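# Descriptive analysis of the structure
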Amino acid sequence: MSQKRFVGAKIVLIGSSGVGKTAFAVRYITKRFIGDYDSDKEMLYTHKLPTARDEITLEILDTASQSSKEVLEKHIRWGDGFIFLYSLIEKASIGYLNNMREVLEKIKGKDCPLVLVGNKSDLLSAREFSEEENNELDQRFDGAKFEISVADGSQGVFEVMDELMCQIKREFIKSINTGNVSTSDNKPRSKLYSMKKAFKKRINRSHSDTF
Ligand SMILES: Nc1nc2c(ncn2[C@@H]2O[C@H](COP(=O)(O)OP(=O)(O)OP(=O)(O)O)[C@@H](O)[C@H]2O)c(=O)[nH]1
Ligand SMILES: [Mg+2]
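Bear in mind that the values here come from a model prediction, so they are computed numbers and not experimental data.

## What to know about the pairing of strand β3 (residues 55-62)
As defined by bridge partners, strand β1 (residues 8-14) adjoins β3 across six bridges and the pair is classed as parallel. Bridging across to β3, G8 finds its partner in T57. Relative to β3, strand β2 (residues 43-50) is paired through eight bridges, and the arrangement is antiparallel. Considered in β3, the bridge of K48 is made with T57. The hairpin turn running from β2 into β3, its antiparallel successor, is four residues long.

Next comes the structure, spelled out in structure tokens:
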């Protein structure tokens, strides 16, 4: 059995300007909505999540939509899982994601962990998408989809992150089974693990000395 452990994941937030990427990241990490954020500034957040055994480290990259294609491609190569964010009150924001979806598929393949999120559902009266357009969206993005309001509360943001983490873990297990581990587990083994291994080695050696 493989000894690989899931110790963390790299998450990338992608979306056009003003859809709420920074608000999403800040809401997830601090549970707060400030309302006014530095625009178009790339930020990398580190967040520790406690688990039953120890903790996992999440790195969340809040991208700047004005970045060059090369930079965005570099971020996609870096990431393990992606949140594609658009605004429910701005049609053009979905067009941006259509392009990014093609880039993502080209670099990471079709099964890459991905969640599509329509934000600003609190502004429903200003909603720009018709039922028909929503159906079209459903067909184009056949994975997990959410409609949330980062402004209204933390629950939607947590549901999105839970879904993405499930997908990332599934991919991690798949990669272990195929012997192609790329998600995390680059850290050195714990002291206890090394001691156990050394102890086992000694026992084996003393067995071979005896017989
Ligand atoms: N009403 C409402 N406003 C929101 C929501 N989420 C974000 N906003 C507002 O939308 C604006 C843009 O949010 P940001 O988080 O800065 O958007 P961004 O995607 O990081 O934008 P760039 O950094 O320019 O790429 C801000 O004024 C937020 O307060 C939401 O769910 N509802
Ligand atoms: Mg921002």
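The structure having been displayed, the exposition proceeds.
## What to know about the site of ligand 1
Taken together, 21 residues lie near ligand 1, and G20, K21, T22, A23 and A151 sit nearest. Element by element, the count of residues in the shell around ligand 1 is highest for helix α1 (residues 21-30), at three residues. Here the residues of the shell around ligand 1 are counted per class, giving seven nonpolar, 10 polar and four charged.

## Brief notes about α1
The element α1 is extensively covered by neighbouring structure, given that eight of its 10 residues are classed as buried. Listing the buried residues of α1 in full gives K21, T22, A23, F24, A25, V26, R27 and Y28. Those residues of α1 that are buried are in contact with β1, β2, β3, β4 (81-87) and α5 (155-177). K31, located one to two residues past α1, shows a positive phi value of around 65°.

## What to know about the sheet that holds strand β5 (residues 114-119)
An order of β2-β3-β1-β4-β5-β6 is seen for the six strands of this open sheet, with the pairing classed as mixed. At either margin of the open sheet sits one strand with a lone partner, and together these are β2 and β6 (144-147). With strand direction ignored, the average angle separating the axes of adjacent strands in the sheet is 20°. Where helix α3 (residues 92-108) meets the sheet, its contacts fall on β1, β4 and β5, and the angle it forms with β4 comes to roughly 160°.

## Things to note about the packing of helix α2 (residues 69-78) against α3
Interhelical geometry of α2 versus α3 gives an angle of 50° and a closest axis separation of 10 Å. In terms of their interaxial angle, α2 and α3 are classed as oblique. Between α2 and α3 the crossing geometry is right-handed. Where α2 approaches α3, its residues L72, E73, I76 and R77 are matched on the opposing element by V103, L104, I107 and K108. Here the residues of the contact of α2 with α3 sort into five nonpolar, no polar and three charged.

Calculation rules
Residues numbered from 1 in each chain as written. Chains lettered and ligands numbered in written order. Predicted model: local features only at pLDDT ≥ 70, side-chain atom pairs only at ≥ 80, totals over all residues. Pairing = 2+ DSSP bridges. Helix = DSSP H or I, 4+ residues; strand = E, 2+ residues; numbered from the N terminus. Near = placed C-beta within 6 Å. Nonpolar A, V, L, I, M, F, W, Y, C, P; charged D, E, K, R; others polar. Buried ≥ 20, exposed ≤ 12 C-beta atoms within 10 Å, placed from the backbone. Contact = placed C-beta atoms within 7 Å. Axes fitted to C-alpha atoms, helices over the stretch in contact; angles between N-to-C directions. Parallel < 35°, antiparallel > 145°, perpendicular 65-115°, else oblique. Left-handed = near helix turned anticlockwise from the far one by under 90°.

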